[in-house]
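Notes for the structure review
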Amino acid sequence: MELIQNTADLSAYLAADEVIDHQHPVVRQTAERLAAEVADSYAYAQAAYEFVRDTIPHSADADDPRLTWRASDVIERRTGICHAKAHALAALLRAEDIPTALCYQRLTHDDGSGHVVHGLVAVRFDGAWHRQDPRGNKPGVDARFSLDGERLAWIPDPEAGELDYPVLHARPHPAVLGALRAAPDRPHLWRTLPDAL
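So, here is what we can say about the structure in this document. (Residues numbered from 1 in each chain as written. Predicted model: local features only at pLDDT ≥ 70, side-chain atom pairs only at ≥ 80, totals over all residues. Heavy atoms only, no water.)

It is worth spelling out the overall build of the protein chain at this point. Assigned secondary structure in the protein chain consists of six helices and six strands. Helices and strands in the protein chain line up, N terminus first, as β-α-α-α-α-β-β-β-β-β-α-α. In summary, the protein chain has a C-alpha radius of gyration of 15 Å against a globular reference of 16 Å for 197 residues, a match within 12%. Its C-alpha atoms put the protein chain at 45 × 35 × 30 Å along the principal axes. Within the protein chain, contacts between residues at least 6 apart in sequence are counted, and of these 62% link residues at least 24 apart. If you sum the accessible surface of the protein chain, you get close to 8,900 Å²; carbon and sulfur atoms cover 49% of it. Of note, the protein chain has its 20 positive side-chain charges centred 4 Å away from the centre of its 30 negative side-chain charges. (Helix = DSSP H or I, 4+ residues; strand = E, 2+ residues; numbered from the N terminus. Rg over C-alpha atoms; globule rule 2.2 N^0.38 Å. Contact = heavy atoms within 4.5 Å. Areas by Shrake-Rupley, 256 points an atom, 1.4 Å probe, with all protein chains shown as cover. Lys, Arg positive; Asp, Glu negative; His and termini not counted. Charge placed at Lys NZ, Arg CZ, Asp CG, Glu CD.)

Take a look at the structure:
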């Protein structure tokens, strides 16, 4: 699949905003700590990925009702769904000048009752985009950081109505962000996340 930037301006994939708030002190401090432990930007990208994947539990896996969507809140509260974790990873990567996009998949709900939009990121290295899924591993899910072939949590099944969206967004998709902002907690969000973009 060819990934498509929704803007030709690469600097948009480095920008800070209300959601990917990489100028926030908690994001800066976390980025600085991770960067101090590695030798280059490739190693930093992997360290940031593993930090988000492994130390911030996916709130559904942890049965945590709290809802986060702003990167700094995800890092500070140590909880978030896939979209929130993608925002946190994007902020950590952009904090170290690594272009990062938000991207999406349409997947079947865990209980098989329809579809839901799943969030991940893409990082740009050596003139190419590489998708990464920081949602967190669990039995049956073994996502890994990779610049040499994708190691995502899920591969969509077209026969089940699942798909990869090829667009690389500089900012969160409005439908996803709207659902995150409007929900009082994660159980409510589970019922209101979009099922398609």
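Looking now at the sheet that holds strand E4 (residues 128-132). The strands making up a sheet are joined through hydrogen bonds of the backbone, oriented either antiparallel or parallel. What the four strands build is an open sheet, ordered E4-E3-E2-E5; its pairing is antiparallel. Edge positions in the sheet fall to E4 and strand E5 (163-164), since each of these pairs with one other strand and no more. Both strand E3 (residues 115-125) and E4 contribute to a ladder of five bridges, which runs antiparallel. Bridging from a neighbouring strand, Phe125 pairs with Ala128 of E4. (Pairing = 2+ DSSP bridges.)

Our next topic: the pattern of salt bridges. What the rule picks out here adds up to 15 salt bridges. Note that Arg53 and Asp54 form a salt bridge whose closest N and O atoms lie 2.6 Å from each other. Relative accessible area serves as the criterion here: at 10%, Arg53 is assigned to the buried category. What makes Asp54 partly exposed here is its relative accessible area of 48%. Where salt bridges share partners, they join Glu18, Arg70, Asp73 and Arg181 into one cluster. (Salt bridge = Lys/Arg side-chain N within 4 Å of Asp/Glu carboxyl O. Buried < 20%, exposed > 50% of the residue type's maximum accessible area, 1.4 Å probe, protein only.)

Coordinates in, geometry out; function isn't part of it.
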